[in-house]
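Below are the chains, spelled out letter by letter.
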Amino acid sequence: DQLIEFGETKRGWLGVRIQDVTKEIADVEKLAEPRGALVASVAENSPSAKAGIKAGDIILEFNGVKINQMKELPAIVAKTKVGTNVKVKIWRNKKELTKNVLLGRLETSEDFKVTEKSSPIESVIDNLKITVRELNNEDIKERKLPNQIKGLVITKIENNSPLINSIEANSIIVEAQKKKIKSANDLNQIVKEVINSNQKTILLVIYNNQNQRRYIGVKLK
């Protein structure tokens, strides 16, 4: 119908990258059950960014439609008319919030911007049994990472690492327990706090080898 009327398609655009809500992530976020779409990243100047939606939010409902699984959201958004004001119900800090989003157009969206960052530092994270180094300028350019990013590139993962089945080498850890990771010392301290806690589940935010921002929930011994 749009091709007939306009000669082109006009699909709705939120400006978020999303992923499934796993049981581990639902547990950390105190969500009763794994449901919705977890916002892995938000594009700069996108409809979601302007509405105040942030990475880490879980989209539970879009324009009155409940989102049970992540894969349901893109189709619903794409079918919604560009320029529509929609209510998006999200889960943040263990409570529901509603954001009003002016839907943009997918075909006119832009990629994430890139910038240069600092030189590398290499360290071993004993409790995770991984070796890491800080991001450098080449990483940012080659992998086309977003603006203002800091984190640790995983250079080696031991076979007995708790991350072995969840994360690949060359992934970049940018957050742990919702705190930004700027150095190996930051990560070491947070890992120790998790190990000494009752929960023993650590929530990591990474960029994988496809340079996609992902949330990973991992049980530590």
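Quantities reported herein were computed from a predicted structural model and do not represent experimental measurements.

1. Thoughts on the environment of Lys156
And step 1. Topologically, Lys156 is positioned in strand β11 (residues 152–157).
And step 2. With relative accessibility at 46%, the residue Lys156 sits in the partly exposed group.
And step 3. Separated by 32 residues in sequence, Lys156 and Val124 have C-alpha atoms that sit 9.1 Å apart.
And step 4. Beyond its immediate chain neighbours, meaning those up to four positions away, Lys156 contacts Lys129, Ile130 and Thr131.

2. Some words on the nonpolar core
And step 1. By size, the foremost hydrophobic cluster in this structure holds 23 residues, and its most contacted members are Leu128, Ile130, Ile173, Leu187, Ile202 and Leu204.
And step 2. Secondary structure elements with two or more residues in this core: β10 (130–134), β11, β12 (172–176), α6 (184–195), β14 (201–207) and β15 (213–219).
And step 3. A per-element tally of this core places α6 first, with five residues.
And step 4. Once residues within four sequence positions are removed from consideration, Ile202 is found in contact with Ala176, Gln177, Ile190, Val191, Val194, Ile216, Gly217, Val218 and Leu220.

3. Quick look at the environment of Tyr207
And step 1. By secondary structure assignment, the location of Tyr207 is in strand β14.
And step 2. Linking Tyr207 and Asn170, residues 37 residues apart in sequence, is a C-alpha distance of 8.9 Å.
And step 3. In this structure, Tyr207 is in contact with Arg143, Leu145, Pro146, Ile149, Ser171, Ile172, Val174, Gln212 and Arg213, ignoring residues within four places of it in sequence.

4. Some points on the pairing of β10
Working note: regular strand, side chains alternate between the two faces of the sheet.
And step 1. Of all five residues in β10, five are buried; the element is thus mostly enclosed.
And step 2. Strand direction decides the pairing type here: strand β9 (residues 122–125) and β10, joined by four bridges, are antiparallel. In the sheet register, Glu122 faces β10, and the bridge partner there is Arg133.
And step 3. A loop of four residues connects β9 with β10, the two strands running antiparallel in sequence, and Lys129 in this loop sits at a positive phi of about 60°.
And step 4. Pairing of β10 with β11 involves five bridges; the strand directions are antiparallel. The residue bridging Thr131 from the neighbouring strand is Lys156, located in β11.

5. Quick word on the pattern of salt bridges
And step 1. In total, this model carries nine salt bridges according to the counting rule given.
And step 2. For Asp57, the salt bridge is made with Arg92, and the minimal N-O distance between the two is 2.8 Å. Taken together, the residues span a long stretch of sequence, with Asp57 in the loop between α3 (47–51) and β4 (58–62) and Arg92 in strand β6 (residues 85–92) at a distance of 35 residues. For the pair Asp57 and Arg92, a shared accessibility class is recorded, and that class is buried.
And step 3. One salt bridge connects Glu61 with Lys89, and the closest N-O pair in it is separated by 3.8 Å.

The rules behind the values
Residues numbered from 1 in each chain as written. Predicted model: local features only at pLDDT ≥ 70, side-chain atom pairs only at ≥ 80, totals over all residues. Heavy atoms only, no water. Helix = DSSP H or I, 4+ residues; strand = E, 2+ residues; numbered from the N terminus. Buried < 20%, exposed > 50% of the residue type's maximum accessible area, 1.4 Å probe, protein only. Contact = heavy atoms within 4.5 Å. Core = buried A, V, L, I, M, F, W, Y, C linked by side-chain atoms within 4.5 Å. Pairing = 2+ DSSP bridges. Salt bridge = Lys/Arg side-chain N within 4 Å of Asp/Glu carboxyl O.

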